[in-house]
Amino acid sequence: MKPSRFSLRLFLWPFAVSVVISYFLLSLLGCASASAHKHDSLLPTDAAGMIEAVFSADAQMQAEQTFPIPMKEYDDSILPNNYLAFTAYKGQAYIYFWAQGLASFDLYINNQKVPTQSICTGKPMCFDASPYIQNGRNMLYIAALTPAGNGMAQEQPSLQVKIPYPVILPLSNSQEALKKQQKDAPYSAETLEIVDQLLTAETEAGFPGAQLVIIKDGKMIKNSAYGAISRVDSAGNTLDEVIPVTEKTLFDLASNTKMYAVNFAIQKLISERRLALTDTVHHFFPQFVDAKKSKIKGKADITIFDLLTHQSGLPAGRAYSQKIKKLKNVSEKSYREHTFDLIMETPLVYLPRQTVLYSDINYMLLTYIIEKVTGIGVAEYVADNFYRPLGLDRICFTPLRQGFTLDEIAATEIRAKPRTQAAIDGAQTTELIHGTVHDSEAYTAMEEISGHAGLFANAESIAVLAQVMLNKGGYGVKRFFDPSVAGYFTAQQALVSSIGFGWRRQGAQEYTWAFSPLASAGTFGHTGWTGTLTIIDPVEHLIIILLTNAKNTVPAHNTRNSRFEGDYYLAKQYGAITALIYEAFRQPTQAQLESMLIELAEKKYEMLQQISAFNNQGYINDLAAIMKIVKQRAQKSAGLRKFLKTETAAQILKVVDGRI
């Protein structure tokens with residue numbers, strides 16, 4: 001087998017631990033401006049500093065090659081040696097060259113001839129390739145290296161080419177620049193305006209709060225906040241004045257923790273050959289075996305692969321915390337240690353690899369494996385290896401222990417069973433969950449740090465991690481895991497096309513309820529029970545992060561395990577919001593947008609009439625929010641004014657007015 005023609009060198013570049021995110025993104029972009037604002041960081045603040053960073057021995061590029069290629073690495077089909085594929089976006093299309101001893105060379109970017117005289121200076125150069133770049137995959141072709149002078153130079157003429165990973169360009173702080181960015185952007189501003197109006201109307205009608213970040217082609221085109229961090233105080237009383245959600249507010253990510261903590265860790269450890277998908281749990285924990293009386297056997301053969309694809313045979317979850325409280329030796333170990341023992345003893349509920357059963361226990365077990373391999377806690381590992389190197393200071397486990405205040409965190413369940421000592425000592429009948437992970441097993445059994453739930457973050461931080469995945473493992477001049485590993489983890493891994501390694505996939509339209517039918521088949525992401533959604537579309541180069549605290553509402557019905565009122569809003573149902581966002585890039589007509597709004601109102605009303613579960617205040621409030629938007633937009637729409645005169649619209653308004 002021939003060696004790779006463009007083998008990527010693995011390096012490590014020291015990043016600042018604490019850095020202003022917006023400048024961090026710009027600094028990693030490429031040719032940094034000499035007039036950029038300076039911050040107390042280790043990052044370069046000018047073009048010379050960025051060039052030095054790119055050509056340092058520690059830098060890690062998405063693509064790099066030195067020409068001429070040594071013959072021992074040369075492909076004898078000749079032409080493939082001259083191409084270099086890379087991903088770039090307009091506005092950050094920087095290629096770094098270092099031509100030594102060269103008079104000229106042929107350079108084509110996407111089949112366009114590029115003059116090279118200014119590059120052949122004998123010094124490292126940052127070349128702005130924006131005029132030649134298309135958003136997404138690009139191709140560079142290099143040939144005909146011509147030595148300088150008489151060709152008698154002491155050193156062999158060479159050309160180094162380095163291309164960093166794309167980063168996210170933040171929204172402009174200047175209103176004028178922001179308006180220009182929106183004017184030049186290839187999307188329907190009116191469609192995104194409807195998304196804004198819907199989320200605003202829903203929070204005004206009773207939905208608690210939300211954050212929405214949209215990244216398209218490496219540019220942040222939306223970073224918005226809606227509603228309040230909580231509608232009630234710690235005792236459950238309705239607040240007269242609420243604290244608004246901001247772009248910095250932390251949300252309980254729930255099961256999105258699985259992706260941005262455990263999956264990132266596993267992807268890195270596999271890239272470093274410290275873990276293998278074929279490793280068994282038994283290899284790390286010999287006590288993980290079937291009991292003699294187990295009806296279903298196979299625990300010793302369960303692998304990392306099985307855990308990640310939810311085909312392990314383990315149950316979806318267990319109330320370990322309740323079992324621990326009843327143990328006679330409960331005080332001899334921490335709850336986390338007791339939980340480990342109980343997981344080791346948990347019997348299988350089906351034969352491994354025979355079906356798919358989404359399991360929190362799988363990711364609790366992966367947490368212990370990560371900690372066994374790395375020798376440190378999973379919270380410390382992901383912070384040291386991902387969050388801090390990326391300059392992300394608004395993502396963590398146990399936020400109250402990390403210096404965040406309650407005012408900076410979105411609250412979740414309103415009428416939870418008391419679990420803090422303060423609530424128990426105060427003889428409270430219910431408690432507001434605020435600042436601690438909602439998931440009861442993560443909170444108690446795993447002591448707030450678990451791979452299945454417990455991570456808190458704002459949408460902007462998750463967007464950066466999503467861009468790492470879109471880049472297949474890297475960001476700027478830093479690589480976190482191999483491109484092949486990132487691609488493999490997001491590919492289909494089971495007969496169910498929506499299953500990757502942990503990541504949920506659009507597949508054969510199997511995740512349209514969240515991603516919308518407009519997402520490409522390779523789109524991946526995840527959802528969280530508290531009301532969180534991430535979408536990463538590699539075809540559209542689109543990232544959508546929607547974080548909500550939908551559970552900060554009362555139960556919708558007076559029944560056990562009732563859904564919360566917040567679960568019945570479009571913000572929590574996801575699909576309508578994501579469909580509108582996708583449509584924004586398809587430039588829908590005014591008539592289509594009107595049709596979509598009317599469809600939302602009519603079908604939501606029809607479902608209310610036919611399905612008893614929808615007869616709750618949350619659902620009614622959401623219908624009222626939709627009608628509010630219809631009436632607002634009808635002022636400039638003949639089609640919507642016509643709809644409001646129909647009998648159906650009159651019936652909807654009658655129901656809404658009678659229940660609000």
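The structure contained in this document is the topic of the report that follows. All figures in this text were calculated on a predicted structure; none of them were measured in a lab.

A look at the side chain of R633
With respect to the secondary-structure elements, R633 resides in helix α20 (residues 617–634). The residues contacting R633, other than those within four sequence positions of it, are E190, E193, I194, Q197, L597 and L640.

Some points on the sheet that holds strand β4 (residues 102–109)
Sheet architecture is open: 4 strands sit in the order β2-β7-β4-β5, paired in antiparallel fashion. The two strands at the open ends of the sheet, each matched to only one other strand, are β2 (83–88) and β5 (112–113). As paired elements, β4 and β5 share 2 bridges and run antiparallel to each other. Paired with Y108 across the bridge in β5 is K113.

Details of empty space enclosed by the protein
Tallied over the entire structure, the rule returns 1 cavity of 30 Å³ or more. Quantified by volume, the largest cavity comes out at close to 70 Å³. Looking at the largest cavity, it is lined by 12 residues, and the ones nearest its centre are T87, Q92, Y94, I163 and P164. With 3 residues, β2 is the largest single contributor of residues to the lining of the largest cavity. For the lining of the largest cavity, the residue count by class is 10 nonpolar, 2 polar and no charged.

Regarding the packing of aromatic side chains
If you walk through the whole model with that rule in mind, you get 27 aromatic pairs. When the centroid spacing of 6.0 Å and the interplanar angle of 45° are considered together, the rings of W513 and Y574 count as tilted. Of this pair, W513 sits in helix α16 (residues 512–515) while Y574 is found in the loop between α17 (570–573) and α18 (575–584), placing the two residues 61 residues apart along the sequence. Among the aromatic residues, those joined into a ring-pair cluster are Y260, F264, Y381, F386, F480, F481, W503 and F524. Seen from the ring of Y443, R419 lies directly overhead, with NZ or CZ sitting 3.7 Å from the centre. The lysine or arginine in question, R563, covers the ring of Y568, its NZ or CZ lying 4.2 Å from the ring centre.

Observations regarding the packing of helix α5 (residues 256–271) against helix α10 (residues 360–374)
Taken N-terminus to C-terminus, the directions of α5 and α10 make an angle of 45°; their axes are 11 Å apart at the nearest point. Of the possible angle classes, the one that applies to α5 and α10 is oblique. Crossing hand, α5 versus α10: left-handed. Facing K258, M259, V262, N263, A265, I266 and L269 of α5, the residues of α10 in contact are D360, Y363, L366, T367, I370, V373 and T374. Of the residues that constitute the contact of α5 with α10, the class distribution is 9 nonpolar, 3 polar and 2 charged.

Quick word on the pattern of salt bridges
This structure, assessed with the given rule, holds 21 salt bridges. Here E371 and R336 are joined by a salt bridge, their closest N and O atoms 2.9 Å apart. With E371 in helix α10 and R336 in helix α9 (residues 335–345), this residue pair connects regions lying 35 residues apart in the sequence. Classification of E371 by relative accessible area gives buried; the value is 16%. Since its relative accessible area comes to 15%, R336 is described here as buried. Put simply, E190, E193 and R633 are held in one network by salt bridges that share partners.

Details of the sheet that holds strand β6 (residues 124–128)
The sheet built from 4 strands is open, its strands ordered β1-β8-β3-β6 with antiparallel pairing. Here the strands that pair on one side only, and so sit at the sheet edges, are β1 (63–67) and β6. Taken over all neighbouring pairs, the strand axes of this sheet differ in orientation by 20° on average, direction set aside. Bridge count for β1 against strand β8 (residues 158–163) is 5 bridges, and the pairing is antiparallel.

As for α18
Within α18, 9 of the 10 residues are buried, which leaves the element mostly enclosed by the surrounding structure. Looking at α18, one finds that the buried residues are G575, I577, T578, A579, L580, I581, Y582, E583 and A584.

Things to note about a nonpolar patch on the surface
Together, I78, L79 and Y83 make up an exposed nonpolar region whose accessible area comes to about 280 Å². Tracing the backbone shows L79 in the loop between β1 and β2.

What counts as what
Residues numbered from 1 in each chain as written. Predicted model: local features only at pLDDT ≥ 70, side-chain atom pairs only at ≥ 80, totals over all residues. Heavy atoms only, no water. Helix = DSSP H or I, 4+ residues; strand = E, 2+ residues; numbered from the N terminus. Contact = heavy atoms within 4.5 Å. Pairing = 2+ DSSP bridges. 1 Å grid on protein atoms, 1.4 Å probe; cavity = no way out; pocket = protein on both sides within 12 Å on 5 of 7 lines; lining within 4 Å. Points joined across faces, edges and corners; volume = space filled by probe spheres on them. Nonpolar A, V, L, I, M, F, W, Y, C, P; charged D, E, K, R; others polar. Phe/Tyr/Trp six-rings, centres within 6.5 Å; stacked < 30°, edge-to-face > 60°. Lys NZ or Arg CZ within 6 Å of the ring centre and 35° of its normal. Axes fitted to C-alpha atoms, helices over the stretch in contact; angles between N-to-C directions. Parallel < 35°, antiparallel > 145°, perpendicular 65-115°, else oblique. Left-handed = near helix turned anticlockwise from the far one by under 90°. Salt bridge = Lys/Arg side-chain N within 4 Å of Asp/Glu carboxyl O. Buried < 20%, exposed > 50% of the residue type's maximum accessible area, 1.4 Å probe, protein only. Patch = residues over 30% accessible without salt bridge, like charges linked within 9 Å, V, L, I, M, F, W, Y side chains within 5 Å. Areas by Shrake-Rupley, 256 points an atom, 1.4 Å probe, with all protein chains shown as cover.

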